[in-house]
Amino acid sequence: MQLKPNAFRLNETVRGIETMTRFSLAVLALASGVYTYLGVRGLLDGSASFVFFAAIIYSAAVSVAIYAFWTFMMRFIPLVTSGVQRLGLFLTMAIGCLMIMAMSSWLNAAALAGSAATEQHMAVTLQGYAEDLDQAHANALAAQSLLPDVQRAAERFSGLAADERESGALTGSMGSGSVVQLLTQMGAQMNQLAATITGSRDEVARLFEDGSTRLATMRELVSTPGAVEPRADAFQSEAVQLSAVIAALQQTDVAPSVKRAAADLSAGFIAPVADGRSADLAVRQDQVMETVRASVAAQSSALSAAADEILGTPAVEQRRFVPLSSAEAVLRYWQDFIPSWAGAISIDLLPVVLVLVLMIVNDAMRRDSESLEAAENITAAEMLRAMALYRQMEAAGIEIAPSKAEPAEPDTPEPQPETAAERPAAEESTVTPIEAAQRKRTDGPRPA
């Protein structure tokens, strides 16, 4: 059976947890201050003592502000009953929450996930450098695809020269002449171009191996446990070296050289004078050399088109690693650290739940108190104080109006005027009984 009204029980419970509420709020404010100190320490520059004291002062200010703000909210919001006033307090609380998040929550997140966010930044940058190295290597190897075409052209010219020399396959007259000389010249030029392309292959392979080694070192720096600041510095140094390797790879691209050589084949074509011993042989030599000219022009156009296609591939843009502080990294990669952000914000805004609980409980107490009788609202201590006050009023001779609940008393005769003999006796009395008071004592206890 419930011995006390629910309002009293709620009131006693609120009073009982008041110390626990203050302790919890103090612990939350202290925790927020500690993580704020860890977060702000990475943002300050200067001597070690300056950074320490500045971070301590800022974190202490944050802790005091959080404790004071939530103490005010817990005290005032549950007591305000007006809708407009309560809405104003809620708006104030929302503004305060935004200010707390601005001065503390993001620093808490930096302390909780700052190192991981910095490693995430290095990992993202590492992935970009790996893609750049692969693209630069692919562009450099694309020029190697021209080598088979150049070698085939060189073999064709050399083969025709050999056939003309041995069997006169082109002019019908064996031996070395103007046609053989021209074909040999074209074959030599193609062989030189092929040698240029082949020579760049070893340089491309060496540069790619060097870049791969630096990428492996950067991966170790990202995944190695320990303090993140020295690893970030070493990572930046490796990134600079890797950028130089990528730039060197782009310089080894022989596609521009192939394009210029192909253009020279056609524009710089010089046919020798026909040296045939007869007019008929000279005519045939001129015809063959004109055919060779057309073939060289076609080969030049094909190589130029292939080189243009390679040159049309977008060049690798120079990438630069920008170191970030832990706070900046957390802000940039916040989507990857939502649990850390949730924990950092919860430390600062958890008292919102306590404020709402106290508001609901106080509203419930007010509703229950409105339904209670006046007598049920009086405690034993209040009753004792009321009785003591009643006795003091009786002793002072103050007449108390009868309660409306009291029954009407029968008419009594008017009291006779006091005689002179009775007045001194009354004055000597220390307590003057009041008729109403006497009636109270004789009629029984006061009705509730």
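Residues numbered from 1 in each chain as written. Predicted model: local features only at pLDDT ≥ 70, side-chain atom pairs only at ≥ 80, totals over all residues. Heavy atoms only, no water.

It is worth spelling out the overall build of the protein at this point. In terms of regular secondary structure, the protein is built from 15 helices and zero strands. Burial status across the protein gives 34% buried among its 448 residues. Relative to all contacts within the protein whose residues are 6 or more apart in sequence, the contacts with residues 24 or more apart total 81%. When the accessible area of the protein is evaluated, it comes to approximately 26600 Å², of which 60% is carbon and sulfur surface. (Helix = DSSP H or I, 4+ residues; strand = E, 2+ residues; numbered from the N terminus. Buried < 20%, exposed > 50% of the residue type's maximum accessible area, 1.4 Å probe, protein only. Contact = heavy atoms within 4.5 Å. Areas by Shrake-Rupley, 256 points an atom, 1.4 Å probe, with all protein chains shown as cover.)

One can find Thr-36 in helix α2 (residues 18–41). We classify Thr-36 as buried; its relative accessible area is 0%. Excluding residues within four positions of it along the chain, Thr-36 makes contact with Tyr-58, Ser-59, Val-62, Met-103, Ser-104, Leu-107 and Asn-108.

Take the nonpolar core next. Membership of the largest hydrophobic core comes to 27 residues, with the highest contact counts inside it found for Leu-146, Val-150, Phe-157, Met-190, Ile-197 and Val-292. Residue assignment for this core shows that the elements contributing at least two residues are α5 (147–167), α6 (178–223), α8 (255–267) and α9 (279–311). Residue contributions to this core peak at eight residues, all from α9. If sequence neighbours within four positions are ignored, Leu-146 has contacts with Ile-197, Val-258, Ala-306, Ala-307 and Ile-310. (Core = buried A, V, L, I, M, F, W, Y, C linked by side-chain atoms within 4.5 Å.)

Overall, the coordinates contain two cavities of 30 Å³ or more when judged by the stated rule. Size it by volume and the second largest cavity reaches roughly 40 Å³. Every residue along the wall of the second largest cavity is listed here: Tyr-129, Asp-132, Ser-243, Ile-246, Glu-317, Gln-318 and Arg-319. Of all the secondary structure elements, the ones that give two or more residues to the lining of the second largest cavity are α4 (83–142) and α7 (228–251). (1 Å grid on protein atoms, 1.4 Å probe; cavity = no way out; pocket = protein on both sides within 12 Å on 5 of 7 lines; lining within 4 Å. Points joined across faces, edges and corners; volume = space filled by probe spheres on them.)

A cluster of nonpolar side chains, namely Ile-17, Met-20, Phe-23 and Val-27, defines an oily patch on the protein surface of about 390 Å² accessible area. Its location among the elements puts Phe-23 in helix α2. Looking at Phe-23, the relative accessible area reads 53%, which means it is exposed. (Patch = residues over 30% accessible without salt bridge, like charges linked within 9 Å, V, L, I, M, F, W, Y side chains within 5 Å. Salt bridge = Lys/Arg side-chain N within 4 Å of Asp/Glu carboxyl O.)

In this section: the pattern of salt bridges. Evaluated as defined, the whole model comprises nine salt bridges. Between Asp-210 and Arg-214 there is a salt bridge, with the nearest N and O atoms lying 3.6 Å from each other. Residue Asp-210 and its partner Arg-214 are both found in helix α6; the two are separated by four residues, about one turn of the helix. For Asp-210, a relative accessible area of 28% gives the class partly exposed. For Arg-214, a relative accessible area of 22% translates into the label partly exposed. In this structure, Glu-238 and Arg-214 form a salt bridge, with 3.2 Å as the shortest nitrogen-oxygen distance. In this pair, Glu-238 sits in helix α7 while Arg-214 sits in helix α6, placing the two residues 24 residues apart along the sequence.

Closest axis-to-axis distance for the α4/helix α11 (residues 338–349) pair is 8 Å, and the angle between their directions is 135°. By the criterion of interaxial angle, the relationship of α4 to α11 is oblique. Where α4 crosses over α11, the two elements pack in a sense that is right-handed. Along its contact with α4, which presents Cys-97, Ile-100, Met-101, Ser-104, Ser-105, Trp-106, Asn-108, Ala-109, Leu-112 and Ala-113, the element α11 presents Ser-340, Trp-341, Gly-343, Ala-344, Ile-345, Asp-348 and Leu-349. Looking at the contact of α4 with α11, its residues break down into 11 nonpolar, five polar and one charged. (Axes fitted to C-alpha atoms, helices over the stretch in contact; angles between N-to-C directions. Parallel < 35°, antiparallel > 145°, perpendicular 65-115°, else oblique. Left-handed = near helix turned anticlockwise from the far one by under 90°. Nonpolar A, V, L, I, M, F, W, Y, C, P; charged D, E, K, R; others polar.)

So, about the packing of aromatic side chains. Within the structure shown, the criterion is met by five aromatic pairs. Relative to Phe-52, the ring of Tyr-37 lies with its centre 6.3 Å away and its plane at 85°, an arrangement referred to as edge-to-face. Within this pair, whereas Tyr-37 is found in helix α2, its partner Phe-52 is found in helix α3 (residues 48–76), the two being separated by 15 residues in sequence. Given the relative accessible area of 15%, Tyr-37 is considered buried. A relative accessible area of 38% means that Phe-52 is categorised as partly exposed. Here the aromatic residues Tyr-37, Phe-52 and Phe-53 are joined through ring pairs into a cluster of three or more. (Phe/Tyr/Trp six-rings, centres within 6.5 Å; stacked < 30°, edge-to-face > 60°.)

Attention now goes to the environment of Arg-41. Inspection of the secondary structure puts Arg-41 in helix α2. A relative accessible area of 41% means that Arg-41 is categorised as partly exposed. For Arg-41 and Ala-55, which are 14 residues apart along the polypeptide, the C-alpha to C-alpha distance reads 5.7 Å. Leaving out residues up to four positions away in the same chain, Arg-41 has contacts with Val-51 and Ala-55.

Confidence in the prediction of the protein, expressed as mean pLDDT, is 77, and 77% of residues score 70 or more. This stretch, residues 404–414, has a pLDDT under 50; its non-local contacts, to residues over four places away or in other chains, come to five contacts. Counting contacts from residues 417–448, a segment whose pLDDT is below 50, to residues more than four positions away or on other chains yields 22 contacts. (pLDDT = per-residue confidence, 0-100.)

Attention shifts here to helix α13 (residues 380–396). Here α13 is 17 residues long and its end C-alpha atoms lie 25 Å apart, about the 24 Å a rise of 1.5 Å per residue gives. Immediately beyond the C-terminal end of α13, within one or two residues, lies Gly-397, with a positive phi of roughly 80°. (Expected span 1.5 Å × (residues − 1).)

Structurally, Asn-108 is set in helix α4. Leaving out residues up to four positions away in the same chain, Asn-108 has contacts with Ser-32, Tyr-35, Thr-36, Ala-344 and Asp-348.

Attention now goes to the environment of Ala-344. Examined against the element boundaries, Ala-344 turns out to sit in helix α11. In this structure the C-alpha to C-alpha distance between Ala-344 and Tyr-35, which are 309 residues apart in sequence, comes to 8.6 Å. Once residues within four sequence positions are removed from consideration, Ala-344 is found in contact with Ser-105, Asn-108, Ala-109 and Leu-112.

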